[in-house]
Amino acid sequence: MTQENKDFSSIESRRSKASRRRLTPARRLYYFLGLPLVRALIRLLTATYRTTVVGARHIDPFISEGKVCAPCYWHQHHVVGSTLIRSWVRRGFKACFLVSGSVDGDVPERIARAWGAEVIRGSANQSGALALRDMQQMMKNGYSIVTTADGPRGPQYEFKTGAILMARIAGVPIIPIGCAADRAWYLNRWDKFMIPKPFARIVVAVGEPIPIPRTAALDDLEPWRVNVQDKVMSLMRQSEQHLRQQGDPA
């Protein structure tokens, strides 16, 4: 298929050519049988969490008034962050997740759609322009784009310029989110992916909206990127401090 007549709406056109994983019949069967179990385990696990949300007032207008924004949290905190977004969706928040175009993203896509959220498939290195185009269209339709701003491959805690560019073009504010858990498992991978253990105490800090002016020159986005990165890190430290205070004896 040539570039001119290639169907870019197809997920297959957005998969990384570097990956050897393909959506084979065996993998399709694995997803079909395993997805209900994964969803059940997620519901069971997250139902045990004791979560405190600090700064929830910052997101309330975007839910009640249907305003568009760009919530961002670290890839490490996706379990907690996506659970928070799910609670917003239940209150009427129109969320759209950016999910990798690889076969590894097929399960997260199905889970997000089961929550009532929309999904855009793509990656910065294979289909960044297509994903950016789709994000702009989604935001025009009233959906807020949720991103893990240092993903999908890191480096850890390095906010990507793409999220800043997206917010600038659309004229929507970034909502920084940081979190911490008092006990969790951490996977041995680049992001040290965090899975809070059953009955963990969790604190999520939602920061004030950060507007990225449309007048900001493309060559001058770095200060804005660093500012948002520092804010997410500050919110993470704030969450950790809140947890320590919760644990102190009265």
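Please read all numbers here as calculations on a predicted model, not as lab measurements.

**Concerning helix 4 (residues 106-115)**
Argument step 1. Among the residues of helix 4, Asp106, Val107, Glu109, Ile111, Ala112 and Trp115 are the ones counted as buried.
Argument step 2. Looking at the residues trailing helix 4, positive phi occurs at Gly116, about 100°.

**Observations concerning the pattern of salt bridges**
Argument step 1. Applying the stated criterion to the full structure yields 11 salt bridges.
Argument step 2. In this structure, Glu65 and Lys67 form a salt bridge, with 3.3 Å as the shortest nitrogen-oxygen distance.
Argument step 3. You can call Lys67 partly exposed: its relative accessible area is 41%.
Argument step 4. For the salt bridge of Glu109 with Arg121, the shortest nitrogen-to-oxygen distance reads 2.6 Å. Note that Glu109 is positioned in helix 4 and Arg121 in strand 4 (residues 118-121), a separation of 12 residues in sequence. Like Glu109, the residue Arg121 is buried in the burial classification.
Argument step 5. If you follow the salt bridges from partner to partner, you end up with Asp106, Glu109, Arg113, Glu118 and Arg121 in one network.

**Brief notes about the sheet that holds strand 6 (residues 174-181)**
Argument step 1. One open sheet accounts for 7 strands, arranged 1-9-6-2-5-3-4; its pairing is mixed. Two strands lie at the open edges of the sheet, namely strand 1 (50-54) and strand 4, each paired on one side alone. The mean angle between the axes of side-by-side strands here comes to 25°, regardless of whether they run parallel or antiparallel.
Argument step 2. In this sheet, strand 9 (residues 201-206) lies alongside strand 1 in parallel orientation, the contact comprising 5 bridges. Paired with Val53 across the bridge in strand 9 is Val204.
Argument step 3. Contacts from helix 6 (residues 161-170) reach strand 2 (70-73), strand 5 (144-148) and strand 6, with the element oriented near 140° to strand 6.

**Here we look at the pairing of strand 4**
Argument step 1. Relative to strand 4, strand 3 (residues 95-99) runs parallel, the two being bridged by 4 bridges. Its bridge partner being in strand 4, Cys96 is matched across the sheet by Glu118.
Argument step 2. Since strand 3 and strand 4 lie parallel, the crossover through helix 4 that links them has a hand, and here it is right-handed.

Conventions we followed
- Residues numbered from 1 in each chain as written.
- Predicted model: local features only at pLDDT ≥ 70, side-chain atom pairs only at ≥ 80, totals over all residues.
- Heavy atoms only, no water.
- Buried < 20%, exposed > 50% of the residue type's maximum accessible area, 1.4 Å probe, protein only.
- Helix = DSSP H or I, 4+ residues; strand = E, 2+ residues; numbered from the N terminus.
- Salt bridge = Lys/Arg side-chain N within 4 Å of Asp/Glu carboxyl O.
- Pairing = 2+ DSSP bridges.
- Axes fitted to C-alpha atoms, helices over the stretch in contact; angles between N-to-C directions.
- Contact = heavy atoms within 4.5 Å.
- Right-handed = clockwise from strand over helix to strand, strands pointing away.

Taken by themselves, the reported measurements are silent on function.
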